[in-house]
Amino acid sequence: MNTPVDIATESITLRIDDKDVSCRKGETVLQVARENGIDIPTLCYMEGLTVWGGCRLCMVEIAGSPKLQAACATVCTEGMIISTQSPRLENYRRMIVELLFAERNHVCSVCVSNGHCELQTMAVKLGIDHVRFAYRFPHLEVDNSHDRMRMDHNRCILCTRCVRVCAEIEGAHTKDIKGRGVLAAIIHDLDQNWGESSTCTSCGKCVNICPTGALTHRGTAVGEMTKKTTFLPYLTLMREAQP
Amino acid sequence: MKPEELTAMAEKVRKQDAHFSHHIHVCTESGCVSSQSDVLLKNITDEVQQRGLKGKVCVKGVGCMGLCCNGPLLKADDTMYQFVKPEDAGAIVDSLTSTPVVELVCDTKQPFFARQKLIVRENAGHIDPESIADCVAHGAYRALLKVLTSMTPQQVIAEVSESGLRGRGGAGFPTGLKWSTVSKAGGKTKYVICNGDEGDPGAFMDRSVMEGDPHRVLEGMAIGAYAVGAGQGIIYVRAEYPLAVKRLTRAINQARREGLLGHGLFGSNFDFNVEIRLGAGAFVCGEETALIASVEGKRGMPRPRPPYPANSGLHGCPTLINNVETFANIPAIMERGGKWFATIGTEKSKGTKIFALTGKIKNTGLIEVPMGIPLREIIYDIAGGIPDGKAFKAVQTGGPSGGCIPAEHLDITVDYESLTKLGSIMGSGGMIVMDETSNMVDVARFFMEFCMTESCGKCVPCRVGTYEMHELLDRICKRQATMADLNLLKELCDMVKQTSLCGLGQSAPNPVLSTLRYFENEYLKLIQSSPASHAGDGDHHVALEVLS
Ligand SMILES: Cc1cc2nc3c(=O)[nH]c(=O)nc-3n(C[C@H](O)[C@H](O)[C@H](O)COP(=O)(O)O)c2cc1C
Ligand code: SF4
Ligand code: SF4
Ligand code: SF4
Ligand code: FES
Ligand code: FES
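### Some remarks on the overall build of chain A
Okay, step 1: Scanning chain A from terminus to terminus reveals seven helices and eleven strands.
Okay, step 2: Scaling as 2.2 N^0.38, a compact globule of 243 residues should have a C-alpha radius of gyration of about 18 Å, and chain A matches this with 19 Å.
Okay, step 3: With the C-alpha coordinates of chain A rotated into their principal frame, the extents come out at 60 × 50 × 30 Å.
Okay, step 4: Sorting the 243 residues of chain A into buried and exposed places 54% on the buried side.

### Digging into the overall build of chain B
Okay, step 1: Assigned secondary structure in chain B consists of 22 helices and 15 strands.
Okay, step 2: Here chain B has a C-alpha radius of gyration of 25 Å; the compact-globule value for 548 residues is 24 Å, and the two agree.
Okay, step 3: Overall, the C-alpha framework of chain B stretches about 85 × 60 × 40 Å when taken along its three principal axes.
Okay, step 4: By residue count, 60% of the 548 residues in chain B fall in the buried class.
Okay, step 5: Sequence-distant contacts in chain B: of pairs separated by 6 or more residues, those separated by 24 or more amount to 72%.
Okay, step 6: Accessible area of chain B: about 20,300 Å², with a carbon and sulfur share of 52%.
Okay, step 7: In chain B, 57 positive and 62 negative side-chain charges are present, and the distance between their average locations comes to 4 Å.

### Regarding the packing of helix α7 (residues 142-150) of chain B against helix α14 (residues 324-336) of chain B
Any two packed helices are characterised by how steeply their axes cross, that is the angle between the axes, and by the distance between the axes.
Residue and element names in this part refer to chain B.
Okay, step 1: Two elements in contact, α7 and α14, have axes whose closest approach is 8 Å; the angle formed by their N-to-C orientations is 55°. Between α7 and α14, the angle falls in the class oblique. The two elements α7 and α14 cross, and the hand of that crossing is left-handed. For the pair α7 and α14, the contacting residues are Arg142, Ala143, Lys146 and Val147 in the first and Pro331, Met334 and Glu335 in the second.
Okay, step 2: Looking at the contact of α7 with α14, its residues break down into four nonpolar, no polar and three charged.

### Looking at the interface of chain B and chain A
Okay, step 1: If you look at the interface, chain B gives 40 residues, while chain A gives 45 residues.
Okay, step 2: Counting each side, the surface lost to burial between chain B and chain A is near 3,600 Å², with a carbon and sulfur contribution of 60%.
Okay, step 3: In this assembly, chain B and chain A are joined by three salt bridges.
Okay, step 4: For the side of chain B that touches chain A, the secondary structure elements donating two or more residues are α18 (440-454), α19 (460-477), α20 (483-499) and β15 (542-543) of chain B.
Okay, step 5: Counting residues per element, the side of chain B that touches chain A draws most heavily on α19 of chain B, which supplies nine residues.
Okay, step 6: Taken together, the residues of the side of chain B that touches chain A sort by class into 19 nonpolar, eleven polar and ten charged.

### Some remarks on the domain arrangement of chain B
All names here are of chain B.
Okay, step 1: For chain B, the assigned domains read domain 1 (18-107), domain 2 (139-342), domain 3 (352-435) and domain 4 (440-528).
Okay, step 2: Centre-to-centre separation of domain 1 and domain 2, based on C-alpha positions: 33 Å.
Okay, step 3: Facing six residues of domain 1, the contacting portion of domain 2 comprises six residues.
Okay, step 4: Taken together, both faces of the contact between domain 1 and domain 2 bury some 470 Å²; the carbon and sulfur share is 42%.
Okay, step 5: Its largest share of buried area at the contact with domain 2, domain 1 owes to Thr28, Glu29 and Ser30, together 74% of the area lost on that side.
Okay, step 6: Inspection of the domain 1/domain 2 interface yields four residue pairs in polar contact (both at pLDDT 80 or more).
Okay, step 7: Taken together, the residues that form the side of domain 1 that touches domain 2 break down as one nonpolar, four polar and one charged.

### Quick look at helix α1 (residues 3-18) of chain B
Residue and element names in this part refer to chain B.
Okay, step 1: Spanning 16 residues, α1 covers 23 Å between terminal C-alpha atoms, matching the ideal 22 Å at 1.5 Å per step.
Okay, step 2: Among all positions in α1, only Leu6, Met9, Ala10 and Val13 are buried. On an axial view of α1, the arc spanned by its buried residues comes to 90°, and they lie on one face. Across α1 from its buried face, at more than 90 degrees, point the exposed residues Glu4, Lys12, Lys15 and Ala18.
Okay, step 3: For α1, the elements touching its buried residues are α6 (132-137) and α7.

### Some points on the site of ligand 4
Okay, step 1: Around ligand 4, 13 residues are found, and the nearest of them are Cys456, Cys459, Cys462, Cys502 and Gly505 of chain B.
Okay, step 2: Taken together, the residues of the shell around ligand 4 break down into eight nonpolar, four polar and one charged.

### Comments concerning the sheet that holds strand β14 (residues 430-435) of chain B
All names here are of chain B.
Okay, step 1: Spatial strand order, β11-β10-β14-β12-β13: five strands in an open sheet with mixed pairing. Strands at the two margins of the open sheet, each flanked by one partner only, are β11 (365-370) and β13 (403-406). Across this sheet, the average inter-strand angle for adjacent strands is 30°, counted without regard to direction.
Okay, step 2: Judged from the six bridges that link them, strand β10 (residues 352-359) and β11 form a sheet pairing that is antiparallel. From the neighbouring strand, isoleucine 354 faces β11, where its bridge partner is glutamate 368.

### Section: the environment of lysine 360 of chain B
Residues and elements named next belong to chain B.
Okay, step 1: You can see lysine 360 is positioned in the loop between β10 and β11.
Okay, step 2: Classification of lysine 360 as partly exposed rests on a relative accessible area of 35%.
Okay, step 3: Among residues more than four places away in sequence, those in contact with lysine 360 are Ile386, Pro387, Val433, Met434, Asp435, Thr437 and Ser438.
Okay, step 4: Side-chain polar atoms of lysine 360 contact the side chain of threonine 437, separated by 3.4 Å.

### Re the nonpolar core
Okay, step 1: One finds Leu489 and Tyr523 of chain B to be the most contacted residues of the largest nonpolar core, which totals 121 residues.
Okay, step 2: Here this core gets nine residues from one element, more than from any other, and that element is helix α3 (residues 87-103) of chain A.
Okay, step 3: Excluding anything up to four places from it in sequence, leucine 489 of chain B contacts Met469, Leu472, Leu473, Ile476, Val512 and Tyr523 of chain B.
Okay, step 4: Grouped together as the second largest cluster of nonpolar side chains are 72 residues, Leu144, Tyr241, Met334 and Ala356 of chain B included.

### Regarding the pattern of salt bridges
Okay, step 1: Under the definition given, this model contains 42 salt bridges over all chains.
Okay, step 2: Arginine 463 of chain B serves as the salt-bridge partner of glutamate 103 of chain A, at 2.7 Å between the closest nitrogen and oxygen. In this pair, glutamate 103 of chain A sits in helix α3 while arginine 463 of chain B sits in helix α19, so the two residues belong to two different chains.
Okay, step 3: The class for glutamate 103 of chain A is buried, based on a relative accessible area of 0%.
Okay, step 4: Here glutamate 130 of chain B and lysine 246 of chain B are joined by a salt bridge, their closest N and O atoms 3.6 Å apart. In this pair, glutamate 130 of chain B is assigned in the loop between α5 (111-114) and α6 and lysine 246 of chain B in helix α12 (residues 242-257), connecting sequence segments 116 residues apart.
Okay, step 5: Residue lysine 246 of chain B is classed as partly exposed on the basis of its relative accessible area of 42%.
Okay, step 6: Several salt bridges converge on common partners, so that one network encompasses Glu122, Asp213, Arg216 and Arg336 of chain B.

### Considerations on the side chain of threonine 160 of chain A
Residues and elements named next belong to chain A.
Okay, step 1: In this structure, threonine 160 sits in the loop between β8 (149-152) and α5 (161-169).
Okay, step 2: Taking the relative accessible area as the measure of exposure, threonine 160 reaches 2% and is therefore buried.
Okay, step 3: Setting aside its immediate chain neighbours within four residues, threonine 160 contacts Trp52 and Ile177.

### Overview of the side chain of arginine 150 of chain A
All names here are of chain A.
Okay, step 1: Positionally, arginine 150 belongs in strand β8.
Okay, step 2: Of the buried charged residues, arginine 150 lacks a salt bridge, with aspartate 152 as the closest side chain of opposite charge at 6.5 Å.
Okay, step 3: Within the structure, arginine 150 has its side chain in polar contact with the backbone oxygen of histidine 217 (distance 3.4 Å).
Okay, step 4: Within the structure, the side chain of arginine 150 is placed 3.1 Å from the side chain of threonine 220, a separation counted as a polar contact.
Okay, step 5: With residues up to four places along the chain from it excluded, the contact list for arginine 150 reads Val112, Val142, Asp143, Asn144, Trp194, Ala214, Leu215, Thr216, His217, Arg218, Gly219 and Thr220.

Basis of the calculations
Residues numbered from 1 in each chain as written. Chains lettered and ligands numbered in written order. Predicted model: local features only at pLDDT ≥ 70, side-chain atom pairs only at ≥ 80, totals over all residues. Heavy atoms only, no water. Helix = DSSP H or I, 4+ residues; strand = E, 2+ residues; numbered from the N terminus. Rg over C-alpha atoms; globule rule 2.2 N^0.38 Å. Buried < 20%, exposed > 50% of the residue type's maximum accessible area, 1.4 Å probe, protein only. Contact = heavy atoms within 4.5 Å. Areas by Shrake-Rupley, 256 points an atom, 1.4 Å probe, with all protein chains shown as cover. Lys, Arg positive; Asp, Glu negative; His and termini not counted. Charge placed at Lys NZ, Arg CZ, Asp CG, Glu CD. Axes fitted to C-alpha atoms, helices over the stretch in contact; angles between N-to-C directions. Parallel < 35°, antiparallel > 145°, perpendicular 65-115°, else oblique. Left-handed = near helix turned anticlockwise from the far one by under 90°. Nonpolar A, V, L, I, M, F, W, Y, C, P; charged D, E, K, R; others polar. Buried area = accessible area lost by both parts, 1.4 Å probe. Salt bridge = Lys/Arg side-chain N within 4 Å of Asp/Glu carboxyl O. Domains from an automatic or database assignment. Polar contact = N/O pair within 3.5 Å; in protein donor to acceptor, adjacent residues only side chain to side chain. Expected span 1.5 Å × (residues − 1). Arc of directions from axis to C-beta. Near = heavy atom within 4 Å. Pairing = 2+ DSSP bridges. Core = buried A, V, L, I, M, F, W, Y, C linked by side-chain atoms within 4.5 Å.

Next comes the structure, spelled out in structure tokens:
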């Protein structure tokens, strides 16, 4: 029953950064912004995977709402007025990225992902040249047990893109999280070495979806690890293809 | 169970009670059990038996009588006794027919008891929580009977709305509004969840309600389920509350056996069942979306809202989630009416609130007071003031999400609005009193450490932000900080508050912000006496070699 009235209620108009845009019912602020060429920084969001809402870089201001909202997790409503950039938001975003650098050991100059890392790119984009917070310098291990892939916990930002792609697309659910707070960490199966996992299919999706140098192919040297991201636009399709 | 059977059950117990000429009630809640009230109860039972008074003296274990610091508490007829040791059993039994044991008497006319107003805790101290018959004799399930036989779900919701009851779990959301949202949500399967996670340090109100009057909670849940159209209830309790779990389990089993849970309650076509889920004790699992994830068998982590549980909760179904004390208020509202409830309290905060008094205060324990009571009255009259001749410094309300209220604001009334105005919150009801010896920066550090270790780790501002705020507070406490550190701390507080995903992170800075608001001089004093603040600018920024 596609009466004109229905069509009208199915489409929504809103305003993002002084630009009038329209979208379908159910779309998130982030999706609509991207469709319209408006850039909102993200690290944990990945189209085709469930929304996580953990990195908090995509926070935007919504007129009339005292609280900031995560663009990736906010569904558009009629007449919304959104600002994605403001001195306050930029300051918060810078602090969040600084916190990520302080949390674990990120030494870009010796990282296999140097030059191809989303965290590094984000820092450059936000103009971060120093960190004001105390570095934690935690002792973390590198899991070299898998014969093709490597997990370096020093570089992990706990975005859980790997966990979600493994569970939702590959259907293996090899990865998950253990622990609380800054002690949280990615695990394989029941906190075993990756190489001993009985569920991992070695598909490599997690490596390619990981934004940082935490998941890499073995045998790569500094700056050599580039991720194959060509499959990423098809994640939604892959998911829909599942029974 | 048929309606007449409930009355018959109550009558039977009352008849039995009439045969007794004396009653001894021993507190058997966690506080008193920790000082051997369970042994005391056994000894008294034995003494009564030995004297051949079994048919004359009724001995029973009851819920918390409030003044836990003086436990074990015991009531023999109209005399209350405190600090009773197991070996006092004989003397107590003897006193029934002679004079009271003076050295153990606890004055029930003191303000601690006289100034309270009991609704939720009206039966604690009178009923045996392990006996459904005793609870029914004191009115349990009467409200449910009334609701199922004479009210429509809409009328129930209207009554709750009229009462003005607000959620006792912390945020104070209007309960009637929540119920009506869930009742309007589409879908055949709906759930009711009772939040008994109670993770705030220093809080034990909900534990006491679950241990002392579990049927009241079940009854409140059943009424909620009827109102919103749910058939299954879940009580989420932390495993650290073994006695509460035991009493609730027993209550559920008894209610099921008596037909007060199950199919076609009181001859209506309303079915309701309840099961218990144990939490492993993570503070964040008290947050509603994390709690639901935990019940679903997933890792207990919050998710962005909306959608709210009222529309999409447990297994994606509309879910009514309320706090233990919220549900425990419902039977009284149904029996006496929303109008009656609304006469108690202030304009926007209705009814009573249970508080757990702890810290540097004479009477520690549980109190139930009307909303709007002056804070001074709680601290100085009910709680008896500060011991050892020390001066009052501040009271912390709302636990790790709350703040401190200093002496100059002692005259405020205790309700949702005025506590929020002062930068604290009502929270779930913890009240930690501090005297002049407390260092407020240390208090802030304590709560930050709590938030840091309880952060679930999902979002960056809370996960790393609480760590860094704790670092800065620690540095200030150790006299290693500079003014730059204090400014950075303030900036972090703002960012973590504004950007965190759930209430834990959003409110983690509150203890810092409120101690800064009233006690900034303590921060400054520590910083001024730090060698670092005199050496250069104290800037310890680390250059980031991001770009190579
Ligand atoms: C970190 C965190 C911990 C919480 N812990 C509890 C708790 O232990 N008990 C509780 O009833 N509500 C707790 N809440 C509030 C719940 O999310 C929810 O709002 C409440 O159970 C709703 O019930 P009410 O409307 O009856 O208050 C917590 C919230 C947060 C953010
Ligand atoms: S390689 Fe594939 S199956 Fe193995 S952990 Fe990564 S995503 Fe999961
Ligand atoms: S390993 Fe990579 S994808 Fe997985 S959580 Fe860490 S940073 Fe994210
Ligand atoms: S605010 Fe803290 S507890 Fe809440 S989701 Fe974020 S990390 Fe978890
Ligand atoms: S992209 Fe929205 S929170 Fe990470
Ligand atoms: S626990 Fe016994 S009086 Fe409170």
